[in-house]
Amino acid sequence: MTRKMKKKLICAVLSALISASAAGNVSAQQKFLTENYSGEKEYRLLIDGYDYDGEVIFVSGTTYVALREFSCMADNAIITWDDEDECAYVKTDSLELSAEDGGEYIDANGRLLWCEDGIFTYDDKMYVPLRQISAAFGFDVYYDAEKHTTYLTRLSSAIVPEEEFYDHDELYWLLKLIYAESGAEPFLGKLAVGTVVMNRVDSDEFPSNIVDVIFDKENGVQFTPTANGAIEKDPDEDSIAAAKICLEDVRLSDDILYFLNEELSSSLWIVENCTYVMTIGCHDFYAD
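Everything numeric here is computed off the predicted structure, so don't read it as measured data. In this numbering scheme, every chain counts its residues from 1 along its sequence in written order. Given that this is a predicted model, residues contribute local features only at a pLDDT of at least 70 and side-chain atom pairs are listed and counted only at 80 or more, while totals for whole chains, interfaces and linings are drawn from all residues. Computation of side-chain values covers all heavy atoms of the structure but excludes hydrogens and water.

**Some thoughts on the sheet that holds strand β12 (residues 111-114)**
(1) Moving on: Only when DSSP finds a minimum of two bridges between them are two strands counted as paired. Secondary structure elements follow DSSP: runs of H or I no shorter than four residues count as helices, runs of E no shorter than two count as strands, and numbering proceeds from the N terminus. Ordered in space as β8-β9-β10-β11-β12, the five strands form an open sheet in which the pairing is antiparallel. In this open sheet, the two strands that pair with only one neighbour each are β8 (78-82) and β12. Neighbouring strand axes in the sheet, compared pairwise and without regard to direction, differ in orientation by 20° on average.
(2) Moving on: Across five bridges, the pairing between strand β9 (residues 87-91) and strand β10 (residues 96-100) is antiparallel. Note that in β10 the partner of Y89 across the bridge is S98.
(3) Moving on: Sitting on the sheet, helix α8 (residues 237-247) is in contact with β11 (105-108) and β12, with an inclination near 75° to β12. Here the axes come from fitting lines to C-alpha atoms, over the contacting stretch only for helices, and the angles between their N-to-C directions go from 0 to 180 degrees. In what follows, residue pairs with any heavy atoms lying within 4.5 Å of each other are defined as contacts.

Next up, the structure:
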């Protein structure tokens, strides 16, 4: 590899967080990077065989690129910024994308791509995870650790839109259940409830599709909202987002199959017979 072909990148690290606001939220501007050098690293990002000339940084083990630079590779890309919403918008012939400063997912053609380490701005640039933004633009991603090289290969002009990807009934009932069970819970708590449903679908102990899992009554009612009518409530935006993210194969844990609020539960069978995994908000989550 010639010197010209090598890409020298700054290995940036997340170094500090300013104290949270009075509401308890950490804003995108509070989550900032400093130029904390750990030495130059030879690294290549190839897109359909060509070296990528944009900036690449590494945060918490995740590779990030600047949204505007990456999006400008697409023909006829229109990139705008909304100061009020602190949100970037990208539009091409086949893609409509938005990413919010401090957000946890990218909206690409109505599909939500989970960004576990978040989206942030630094030095007036918005950074998004490489893997997720690549999927939005229709690239397959492969990383060769030995060569310190990531290969992006074009699969399509953009990600398949939501109406062609999500099953309507699955999405409808999953978001309804998530809201009914965890409407007052934090976003991760909503993801965890959705994860329980998806893990049950994958388990031999439960029905093999989302709708049947939700309304399963073989060993008694599994989810109280299906019996008391609470599942009919209109969901909030976070519950819809959590359901979509779960349908993108995101799992907070591969093990959790049960959850309960011990203070409100009329039965402690789960506590007495299952393995505790974690607590999010008011819910305790258990594996077999």
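What follows picks up the thread again.
**Regarding the nonpolar core**
(1) Moving on: As used in this record, nonpolar core signifies buried Ala, Val, Leu, Ile, Met, Phe, Trp, Tyr and Cys residues forming a set joined through side-chain atoms within 4.5 Å. The classification of residues rests on relative accessible area computed with a 1.4 Å probe and restricted to protein chains. Under 20% of the type maximum is buried, over 50% is exposed, and intermediate values are partly exposed. Judged by nonpolar contacts, the single largest core of 41 residues is most densely connected at L174, V197, I210 and F285.
(2) Moving on: For this core, the secondary structure elements donating two or more residues are β12, α4 (168-182), α5 (187-202), α6 (210-214), α8, β17 (258-260), β18 (275-280) and β19 (283-287).
(3) Moving on: Of all the elements, α5 adds the most residues to this core, at eight residues.
(4) Moving on: Here I210 is in contact with E170, L174, V197, M198, V201 and L247, once residues within four sequence places are set aside.
(5) Moving on: Formed by 32 residues, the second largest nonpolar core is a distinct cluster that contains Y52, F58, A108 and C115.

**Some thoughts on unusual backbone geometry**
(1) Moving on: Although it is not a glycine, N76 sits at a positive phi angle of roughly 60°.
(2) Moving on: Its location among the elements puts N76 in the loop between α1 (67-71) and β8.
(3) Moving on: One non-glycine residue, D123, lies in the positive phi region at around 55°.
(4) Moving on: Following the sequence through the fold, D123 ends up in the loop between β13 (120-122) and β14 (125-129).
(5) Moving on: The exposure class assigned to D123 is exposed, which follows from its relative accessible area of 61%.

**Digging into the side chain of K176**
(1) Moving on: Checked against the element boundaries, K176 lands in helix α4.
(2) Moving on: Within the structure, the side chain of K176 is placed 3.3 Å from the backbone oxygen of K233, a separation counted as a polar contact.
(3) Moving on: Leaving out residues up to four positions away in the same chain, K176 has contacts with I231, E232, K233, D234 and P235. Under this definition, polar contacts are N or O atom pairs within 3.5 Å; protein pairs additionally need one hydrogen-donor-capable and one acceptor-capable atom, and for neighbouring residues in sequence, both atoms have to be side-chain atoms.

**Focus on α5**
(1) Moving on: The terminal C-alpha atoms of α5 lie 23 Å apart, and with 16 residues this matches the ideal 22 Å at 1.5 Å per residue to within 8%.
(2) Moving on: Counting buried residues in α5 gives 14 out of 16 residues, a clear majority hidden from the surface. Given the number of residues in a helix, its expected span is that number minus one, multiplied by 1.5 Å.

**Observations concerning the environment of Y258**
(1) Moving on: Within the fold, Y258 resides in strand β17.
(2) Moving on: Sequence separation of Y258 and V271 is 13 residues, and the distance between their C-alpha atoms is 9.7 Å.
(3) Moving on: Discounting residues that sit within four places of it in the chain, Y258 has contacts with V196, R200, E205, F206, W269, I270, C274, D284, F285, Y286, A287 and D288.
(4) Moving on: A distance of 3.3 Å separates the side chain of Y258 from the side chain of D288, its partner in a polar contact.

**Looking at the pattern of salt bridges**
(1) Moving on: Salt bridge criterion: a side-chain nitrogen from Lys or Arg within 4 Å of a carboxyl oxygen from Asp or Glu. Counted according to the given criterion, the structure contains seven salt bridges.
(2) Moving on: Note that K125 and E55 form a salt bridge whose closest N and O atoms lie 3.2 Å from each other. Placement of the pair is K125 in strand β14 and E55 in the loop between β5 (50-51) and β6 (56-59), with a sequence separation of 70 residues.
(3) Moving on: We classify K125 as partly exposed; its relative accessible area is 30%.
(4) Moving on: When its relative accessible area of 28% is taken as the criterion, E55 is described as partly exposed.
(5) Moving on: The partner of E96 in a salt bridge is K91, with the nearest N and O atoms 2.9 Å apart.
(6) Moving on: When its relative accessible area of 49% is taken as the criterion, E96 is described as partly exposed.
(7) Moving on: Taking relative accessible area as the criterion, K91 reaches 41% and is therefore assigned partly exposed.

**Re α8**
(1) Moving on: Burial analysis of α8 places eight of its eleven residues in the buried class, the great majority of the element.
(2) Moving on: Its buried side turned inward, α8 meets β11, β12, α3 (162-165), α4, α5 and α6.
(3) Moving on: D249 lies just past α8 and shows a positive phi near 75°.

**A few points about the packing of α5 against α8**
(1) Moving on: At a minimum axis distance of 9 Å, the contact between α5 and α8 shows a crossing angle of 45°. Classified by the interaxial angle, the pair formed by α5 and α8 is oblique. Read as a crossing pair, α5 and α8 show a hand that is right-handed. Seen from α5, the contacting residues are F187, K190, L191, G194, T195 and M198; seen from α8, they are D238, S239, A241, A242, I245, C246 and L247.
(2) Moving on: Under the scheme applied, nonpolar residues are Ala, Val, Leu, Ile, Met, Phe, Trp, Tyr, Cys and Pro; charged residues are Asp, Glu, Lys and Arg; polar residues are all the others, including Gly. Broken down by class, the residue content of the contact of α5 with α8 amounts to eight nonpolar, three polar and two charged. Between 65 and 115 degrees an angle is taken as roughly perpendicular, under 35 as roughly parallel, over 145 as roughly antiparallel, and anywhere else as oblique. By convention, the crossing between two helices is left-handed when the near helix turns anticlockwise from the far helix through less than a right angle, and right-handed when the turn is clockwise.

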